[in-house]
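Spelled out, the chains give:
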Amino acid sequence: MTGDADKTALDMVYAAATETELTAAYAAWANGYDTETAALGYCLPFVIAAWVARHVPKGEGPLLDAGCGTGLSGPYLQALGYGDIEGLDLSEEMLDLARARGGYKALTQAALGGPLPWAEGHFAAVFSTGVFTAGHAPASSLDELVRITQPGGFVIFTVRDVVLETGGFRGKFAALEAEGKWRAIEESPTFRAFAVAEPDVLVKAYIFRVV
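Residue indices follow the written sequence of each chain, beginning from 1 at its first position. Where totals are concerned, whole chains, interfaces and linings use all residues; where local detail is concerned, this predicted model gives features only for residues with pLDDT of at least 70, and gives and counts side-chain atom pairs only at 80 or more. Excluding hydrogens and water, the side-chain values take into account all heavy atoms of the structure.

Peer 1: Can you walk me through the overall build of the protein in this structure?
Peer 2: A count of helical and extended segments in the protein gives seven helices and eight strands. Buried residues in the protein amount to 50% of all 211 residues. When contacts within the protein are restricted to residue pairs at least 6 apart in sequence, long-range pairs at least 24 apart make up 69% of them. Here, Shrake-Rupley sampling with a 1.4 Å probe gives the accessible areas, and only protein chains in the shown set may cover a residue. For the protein, the exposed area adds up to about 9200 Å²; of that, 55% sits on carbon and sulfur atoms. Helix and strand assignments follow DSSP, with helices taken as H or I runs no shorter than four residues and strands as E runs no shorter than two, numbered in order from the N terminus. Three labels apply to residues, based on accessible area from a 1.4 Å probe with only protein chains included: buried if under 20% of the type maximum, exposed if over 50%, partly exposed otherwise in between. What makes two residues a contact is simply this: any of their non-hydrogen atoms within 4.5 Å.

Peer 1: Can you walk me through the packing of aromatic side chains in this structure?
Peer 2: Two descriptors summarise a pair of aromatic rings, namely the distance from one centre to the other and the angle between the planes of the rings. Ring pairs shown here join Phe, Tyr and Trp side chains whose ring centres sit within 6.5 Å, with only the six-membered ring taken for Trp; geometry is labelled stacked below 30 degrees between planes, edge-to-face above 60, and tilted in between. Under the definition given, this model contains 14 aromatic pairs. With centroids separated by 5.2 Å and ring planes inclined at 50 degrees, the aromatic side chains of Phe173 and Phe208 adopt a geometry described as tilted. With a gap of 35 residues between them, Phe173 in helix α7 (residues 169-178) and Phe208 in strand β8 (residues 202-210) connect regions that are remote in the sequence. Here the two residues Phe173 and Phe208 agree in accessibility, since each one is buried.

Peer 1: What should I look at first to understand the nonpolar core in this one?
Peer 2: The nonpolar side chains of soluble globular proteins are, as a tendency, buried together. We define the nonpolar core as a collection of buried residues of types Ala, Val, Leu, Ile, Met, Phe, Trp, Tyr and Cys that are connected through side-chain atoms lying within 4.5 Å of one another. Phe157 and Phe173 are the most contacted members of the largest nonpolar core, which totals 29 residues. For this core, the element with the most residues is strand β4 (residues 123-132), which contributes four residues. Here Phe157 is in contact with Ser128, Phe132, Leu142, Phe173, Trp182, Lys204, Ala205, Tyr206 and Phe208, once residues within four sequence places are set aside. If you look at the next biggest cluster of nonpolar residues, it comprises 19 residues, including Leu63, Leu95, Tyr104 and Ala125.

Peer 1: Explanation requested: α7 in the structure shown.
Peer 2: Note that an α-helix has 3.6 residues per turn; residues three or four places apart therefore point the same way. Among the residues of α7, those classed as buried are Phe169, Lys172, Phe173 and Leu176. Down the axis of α7, the buried set is contained in an arc of 105 degrees. They therefore lie on one face. Elements in contact with the buried residues of α7: β4, α6 (141-147), β5 (149-160), β6 (182-187) and β8. Looking one or two residues past α7, Gly180 carries a phi angle of roughly 75 degrees, positive in sign. The arc in question is formed by the directions pointing from the helix axis toward the C-beta atoms.

In short, the description is geometric, and any link to function would need to be established separately.
Structure representation (structure tokens):
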């Protein structure tokens, strides 16, 4: 029965066709999100710490967890010595859980794909997992994430394989490079977003350095 509930919640999120539907889906799922995704073996909020630690020196300045959800990444990055972390998410219900969990100096409700409330070059690095997938944030979100990252800083994120081409992500990667906004540093092999279930949900991690 729990497996069916997990599947329904995940399907609702992936099936959302508008920002309003996505917000409603996450609001309905918020209280069970952590236990249900843990049962599925959702690993992205934790493995992203490896890429942050590989590329971003400690003490460089503030980091942004873009699409932080319930705030799973923050405490683990804190354990690795990153103390100045802010979070951004579409869902106020998710942010309430992140606030209770700790690990973030500030939390902001905003939607990726629109203007973000930070000055140009505010962050030393931005990282994001699970938001560049079916029915979620568009490739155009990367323009703002680059804008708010300082020159020499990093934009680190995952993209689900099925939207790389259809969602215009590869085209956006190339356009930002051609415009002199960033340069590619690393692209991971394809790997599973869920270690236990959902074997068809595959992602890649990307690291770009802002110019």
